[in-house]
Amino acid sequence: MFVLTVLLATLLAFVSFLYYLLHQRMNYWRYRGIPHDPPHFLAGNLKGLLKTRSFAEILLEIYQHHRGTGPFCGYYLFQRPAVLVLDRALIKNILIKDFHNFADRGLFHNERDDPLTGHLFRLDGSKWRGLRSKLTPTFSTGKMKFMFPTILKVADQLMNAVEKRLAVDACVWDWKDMMACFTTDVIGNCAFGIECNSLQDPNAEFRVMGRKIIGSRRHGALINAFINSFPNLARRLRMAIMPQDITDFFLRVVRQNVEYRERNCVHANDFMSILMDLNKGKHLKSENDQLRALSVSEMTAQAFVFFVAGFETSATTMAFALYELALQQDIQNRLRLEIEETIKQHNDDFTYECMEDMQYMKQVLAETQRKYPIAPNLMRQAANDYMVPGHPKYTIKKGMMVTIPTIGIHYDPDIYPEPDKFDPTRFTPNVVKQRESVDWLPFGDGPRNCIGTRFGMMQMRCGLVYLLRQYKFTTCEKTQIPIVYQKTFPLFPQGGIYLKVERV
Ligand code: HEM
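Let me sum up the structure you'll find in this document.

## Here's the deal with the site of the ligand
And step 1. Taken together, 29 residues are adjacent to the ligand, and Arg105, Trp128, Arg132, Arg380 and Cys450 come closest.
And step 2. At 2.7 Å, a side-chain N or O of Arg132 approaches an oxygen atom of the ligand.
And step 3. Every element with two or more residues in the shell around the ligand is listed here: α5 (125–135), α13 (296–327), β4 (378–381) and α19 (453–470).
And step 4. Ranked by the residues each element gives to the shell around the ligand, the list is headed by α13, at seven residues.
And step 5. The residue inventory of the shell around the ligand, partitioned by class, reads 15 nonpolar, nine polar and five charged.

## Some points on the sheet that holds strand β8 (residues 471–474)
And step 1. Judged by pairing direction, the sheet is antiparallel, and its three strands sit side by side in the order β3-β9-β8 without closing on themselves. In the strand order of this sheet, the two ends are held by β3 (172–174) and β8, each with one partner. Each strand of the sheet is rotated relative to its neighbour by a mean of 40 degrees, with strand direction disregarded.
And step 2. Looking at chain direction, β8 and strand β9 (residues 498–503) are connected through four bridges and run antiparallel. Considered in β9, the bridge of Lys472 is made with Glu502.
And step 3. Running at roughly 60 degrees to β3, helix α7 (residues 175–192) makes contact with β3, β8 and β9 of the sheet.

## Observations concerning helix α9 (residues 221–229)
And step 1. Three or more residues of α9 are buried, namely Asn224, Ala225, Ile227 and Ser229.
And step 2. Contact partners of the buried residues in α9: α1 (2–26), β1 (72–77), β2 (80–85) and α10 (231–236).

## So, the nonpolar core
And step 1. In this structure, Trp175 and Phe350 are the most contacted members of the largest nonpolar core, which totals 154 residues.
And step 2. Here the element with the most residues in this core is α13; it accounts for 16 residues.
And step 3. Beyond its immediate stretch of four places on either side in the chain, Trp175 contacts Val162, Ala319, Leu322, Leu467, Phe473, Ile497, Leu499 and Val501.
And step 4. Formed by five residues, the second largest nonpolar core is a distinct cluster that contains Phe108, Ile227, Ala234 and Ile241.

## Quick look at the coordination of the iron atom of the ligand
And step 1. Exactly one donor from the protein chain reaches the iron atom of the ligand: Cys450 (SG), at 2.3 Å.
And step 2. One can find Cys450 in the loop between α18 (429–433) and α19.

## Structural notes on the pairing of β9
And step 1. Across three bridges, the pairing between β3 and β9 is antiparallel. The residue bridging Asp174 from the neighbouring strand is Tyr498, located in β9.

## A few points about the packing of aromatic side chains
And step 1. Per the counting criterion, the structure on display carries 26 aromatic pairs.
And step 2. Relative to Trp175, the ring of Trp173 has its centre 5.5 Å away and its plane inclined at 20 degrees; by these criteria the two rings are stacked. For the pair formed by Trp173 and Trp175, the shared burial category is buried.
And step 3. Measuring from centroid to centroid gives 6.3 Å for Phe206 and Phe250, while their planes differ by 90 degrees, and the two rings are edge-to-face. On the criterion of sequence distance, the pair formed by Phe206 in helix α8 (residues 205–215) and Phe250 in helix α11 (residues 244–263) is long-range, its members being 44 residues apart.
And step 4. Given the relative accessible area of 0%, Phe250 is considered buried.
And step 5. Each residue in the set Phe206, Phe249, Phe250, Phe304, Phe307 and Phe311 is aromatic and connected to the rest through ring pairs, giving one cluster.
And step 6. The ring of Tyr360 is capped by Arg334, whose NZ or CZ atom sits 3.9 Å from the centre of that ring.

## Concerning the side chain of Thr247
And step 1. Of note, Thr247 is situated in helix α11.
And step 2. Not counting residues within four places of it along the chain, the set of residues in contact with Thr247 comprises Asp114, Pro115, Leu116 and Met242.

## A few points about the packing of α7 against α8
And step 1. Viewed as axis vectors pointing N to C, α7 and α8 meet at an angle of 110 degrees, and their least axial separation amounts to 10 Å. Between α7 and α8, the angle falls in the class roughly perpendicular. Two packed elements cross with a definite hand, and for α7 against α8 that hand is right-handed. Residues Asp177, Ala180, Cys181, Thr184 and Phe192 of α7 touch α8, and the partners they reach there are Phe206, Arg207 and Arg211.
And step 2. Residue classes in the contact of α7 with α8 are distributed as four nonpolar, one polar and three charged.

Reading guide: rules and limits
- Residues numbered from 1 in each chain as written.
- Predicted model: local features only at pLDDT ≥ 70, side-chain atom pairs only at ≥ 80, totals over all residues.
- Heavy atoms only, no water.
- Near = heavy atom within 4 Å.
- Polar contact = N/O pair within 3.5 Å; in protein donor to acceptor, adjacent residues only side chain to side chain.
- Helix = DSSP H or I, 4+ residues; strand = E, 2+ residues; numbered from the N terminus.
- Nonpolar A, V, L, I, M, F, W, Y, C, P; charged D, E, K, R; others polar.
- Pairing = 2+ DSSP bridges.
- Axes fitted to C-alpha atoms, helices over the stretch in contact; angles between N-to-C directions.
- Contact = heavy atoms within 4.5 Å.
- Buried < 20%, exposed > 50% of the residue type's maximum accessible area, 1.4 Å probe, protein only.
- Core = buried A, V, L, I, M, F, W, Y, C linked by side-chain atoms within 4.5 Å.
- Donors = N, O, S within 2.8 Å, 3.2 Å for Na, K, Ca; no water.
- Phe/Tyr/Trp six-rings, centres within 6.5 Å; stacked < 30°, edge-to-face > 60°.
- Lys NZ or Arg CZ within 6 Å of the ring centre and 35° of its normal.
- Parallel < 35°, antiparallel > 145°, perpendicular 65-115°, else oblique.
- Left-handed = near helix turned anticlockwise from the far one by under 90°.

Below you can see the structure in the form of structure tokens.
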């Protein structure tokens, strides 16, 4: 009886202590007098995420509610107190000027038990810095020009696929899925040197894996919330987030690819070759080099992130662009005219330089990415306590997560009047000059911005040039107007983007 009483008392003390800790945590912003919305005990300020609201909707609401109250407001990322930046000067400090204090994202990664999480997007500290500098040359203009013909080859396959479907199918289908087949094949070719054939067979292995990566999770909402709230503890507990079959698939594909290239002395000028060089330690200049040779699983993680970050982002942006062009035929016609005239000026040859000369195309895509930022926010973590210049009450504590609400800025009527209107003239060079660089953040900003920006822009422009030269896009009964979003972290449309297509 005595033992039982002691056990119960200990349990009670333990539970009370946990409750006290959680209570302290969930009152963090109240104690400091920083504006915030009252959090839910478990979901923090993300109540309804994955069920009734997307992350973008939640962020937009918090931004609009607190804008103008100070440089940032507080919010709770599940049980984790976090900062949501409201002020453009502070955004600039975090992303660029004081980057040294905000180089990390603080996301979960566990290279030992969950090898695919050991990639550039999730890694922090010296490991990230070393990898970033070694991988940056992969996306130089020279490398882009080298990959350009490969993308055109896949764009030809896209045309074939559209023609085939037009011959047998109705002329209405989901352009988000079609674009995902295109970008999957582009990335497969350029990153892995593999013909994925998703355009020919939408159930090809890579496409199926792509759908799985976006749509499946290893755990339910509660465990995910725990891992996101306590990433270091989750790593110490040897937890993982990637479904095992996805890990196995990518480890196998990369291993087979490496073996094939080594056996046949293949040295392509692609991403896989650069990773193989890193694997052989060719980059090491001295024994003290910060970055040791990459293991095969570390290589695989990088190949994986290039695949994941490279296909769905660009595909969805292209589909959003087609949707807006279908809604506004005058913009579609003007863009088609620019495409034809620019190609004519380049002796009827669609070259890399010709693509670069299409100014209106850049504006249409910039406006698409303003209105539909696939990544509705950027994340950083403070390495040390940071007092916001000129605001002594506002301190970002060491280890705290910082959210830059891209979606809030893109829909701020003081920056973009009538934010719901799709208007590419917002991005003429003169107008752009009058804004701050951080007023447009679809690819982030500063030293940790999107490494694949050039590649993403290139594949999107190539796909759109090919499509708009041949086809006219219009809305139809199946088109969802306005767009409804999935209740997820990225800004994805619910149920696809259905458009009618016919030859020009
Ligand atoms: C429309 C296309 C794309 C969009 C909208 C996009 C968006 C982003 C954003 C918002 C970030 C975070 C930036 C920051 O925190 O400041 C990012 C990072 C990243 N992106 Fe992209 N991306 C695109 C295409 C690509 C492509 C094609 C690749 C590779 C082939 C790629 C690879 C990466 C990687 C590896 C990172 C992590 C960089 C780092 O932490 O050093 N992305 N991307």
